[in-house]
Amino acid sequence: MKNIAVFISGGGTNLQAIINATENKEINAKIKLVFSNKKNAYGLERAKKANIETLYLNRKNFSKSEEYDEEILKVLKEKDIDLIVLAGYLGILTSKIISNYRGRIINIHPSLIPSFCGSGFYGEHVHKAVIKKGVKITGATTHFVDEIIDGGAIIMQDTVPVQMNDDYKSIAEKVLEVEHKILVKTVKAFCENRIIFKENGAFITEE
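As the structure is a computational prediction, the values presented were derived from the model and not from experiment.

Scanning the protein for helices and strands turns up six helices and nine strands. For the protein, the C-alpha radius of gyration of 16 Å lies close to 17 Å, the compact-globule estimate for 207 residues. Overall, the C-alpha framework of the protein stretches about 50 × 45 × 35 Å when taken along its three principal axes. The burial tally for the protein puts 48% of its 207 residues in the buried class. Counted over contacts in the protein with a minimum sequence separation of 6, partners at least 24 positions apart contribute 63%. Of the roughly 10,800 Å² that the protein leaves accessible, carbon and sulfur atoms contribute 49%. Each charge class in the protein was averaged separately, 29 positive and 26 negative side chains, and the resulting centres sit 3 Å apart.

Checked against the element boundaries, Asn 100 lands in helix α4 (residues 95-100). Along the chain, Asn 100 and Ile 131 lie 31 residues apart, while their C-alpha atoms are 38 Å from each other. The residues contacting Asn 100, other than those within four sequence positions of it, are Leu 73 and Lys 77. Here the side chain of Asn 100 touches Lys 96 through a polar contact of 2.7 Å, landing on its backbone oxygen.

Below, the discussion takes up the domain arrangement of the protein. Here the domain parsing of the protein yields domain 1 (1-101) and domain 2 (108-206). Its C-alpha centre places domain 1 at a distance of 20 Å from the equivalent point of domain 2. With 20 residues of domain 1 in contact, the opposing surface of domain 2 contributes 17 residues. Regarding the contact of domain 1 and domain 2, the summed buried area is about 1,600 Å², with carbon and sulfur atoms giving 75% of it. Per-residue buried area on domain 1 facing domain 2 is highest for Lys 2, Asn 14 and Ile 98; these three make up 31% of the total on that side. The tally of links from domain 1 across to domain 2 stands at zero salt bridges. Across the domain 1-domain 2 interface, the total number found is five residue pairs in polar contact (both at pLDDT 80 or more).

Turning our eyes to something else, we now look at unusual backbone geometry. Excluding glycine, residues mostly have negative phi values, and the peptide bonds linking residues are mostly trans. Cis peptide bonds are those with omega within 30 degrees of zero, and the linkage from Ile 113 to Pro 114 qualifies with 20 degrees. Relative to the assigned elements, Pro 114 resides in the loop between β5 (105-109) and α5 (124-133). Positive phi values are uncommon outside glycine, yet Lys 25 reaches one of about 70 degrees. By the element assignment, Lys 25 lies in the loop between α1 (13-23) and β2 (29-36).

Our next topic: the packing of α5 against helix α6 (residues 168-191). Where α5 meets α6, the axes come as close as 9 Å, and the angle between the chain directions of the two elements is 115 degrees. Between α5 and α6 lies a crossing whose hand is right-handed. Across the interface between the two elements, Glu 124, His 127, Lys 128 and Ile 131 from α5 touch Tyr 168, Ile 171, Ala 172 and Val 175 from α6. Within the contact of α5 with α6, the residues separate by chemical class into five nonpolar, one polar and two charged.

Most of β5 sits out of view: five of its five residues are buried. Strand direction decides the pairing type here: strand β4 (residues 83-86) and β5, joined by three bridges, are parallel. Looking at β5, one finds that Ile 84 is bridged to Ile 105. The parallel pair β4 and β5, bridged by α4, forms a crossover whose chirality is right-handed. Sheet analysis places β5 next to strand β6 (residues 137-144), joined by four bridges and oriented antiparallel. Within β6, the position partnered with His 109 by the bridge is Thr 141.

Cut-offs and rules
- Residues numbered from 1 in each chain as written.
- Predicted model: local features only at pLDDT ≥ 70, side-chain atom pairs only at ≥ 80, totals over all residues.
- Heavy atoms only, no water.
- Helix = DSSP H or I, 4+ residues; strand = E, 2+ residues; numbered from the N terminus.
- Rg over C-alpha atoms; globule rule 2.2 N^0.38 Å.
- Buried < 20%, exposed > 50% of the residue type's maximum accessible area, 1.4 Å probe, protein only.
- Contact = heavy atoms within 4.5 Å.
- Areas by Shrake-Rupley, 256 points an atom, 1.4 Å probe, with all protein chains shown as cover.
- Lys, Arg positive; Asp, Glu negative; His and termini not counted.
- Charge placed at Lys NZ, Arg CZ, Asp CG, Glu CD.
- Polar contact = N/O pair within 3.5 Å; in protein donor to acceptor, adjacent residues only side chain to side chain.
- Domains from an automatic or database assignment.
- Buried area = accessible area lost by both parts, 1.4 Å probe.
- Salt bridge = Lys/Arg side-chain N within 4 Å of Asp/Glu carboxyl O.
- Axes fitted to C-alpha atoms, helices over the stretch in contact; angles between N-to-C directions.
- Left-handed = near helix turned anticlockwise from the far one by under 90°.
- Nonpolar A, V, L, I, M, F, W, Y, C, P; charged D, E, K, R; others polar.
- Pairing = 2+ DSSP bridges.
- Right-handed = clockwise from strand over helix to strand, strands pointing away.

Next up, the structure:
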């Protein structure tokens, strides 16, 4: 059984999907820690209701991002974390964490990477850009995290249609449903050692 840390910054609906999947044994893992860089993130309450340990650190209390991540890293080591899941985490990890957990950090992004990703593309900004561009399909992507924002190996993607009457809020709702599904499938596959790398991508093998 693998130990998971989930990083959040907001409401934590993707976190809740992972909590549910671990509780019903769909994912063979234990969430040992939920970390937030936002003090009032509702995801922390979700974790507490599920009796999961939480951690909040105020970035302003650290002079450098590396020192901030060093403190996080210390806790991750104490908890013997095998996998970090970025589930709506709006912070940027430094190389301190990435190098220690390379190939063991998964992010969920609310678009079909490489479209609408990278610096500045998060939350509603993604969906507003989708509407502005007029694309007919969008979706969500799970990928490994490296030093390039949204640049790591893609693991899973799924799509939703963009229809004439959609606005960014309705797109967000549709994409969020897809996020929950592929994030759970991705974490499940990781915990079962079913993700393999090939060239620039990562692929899930059959159960």
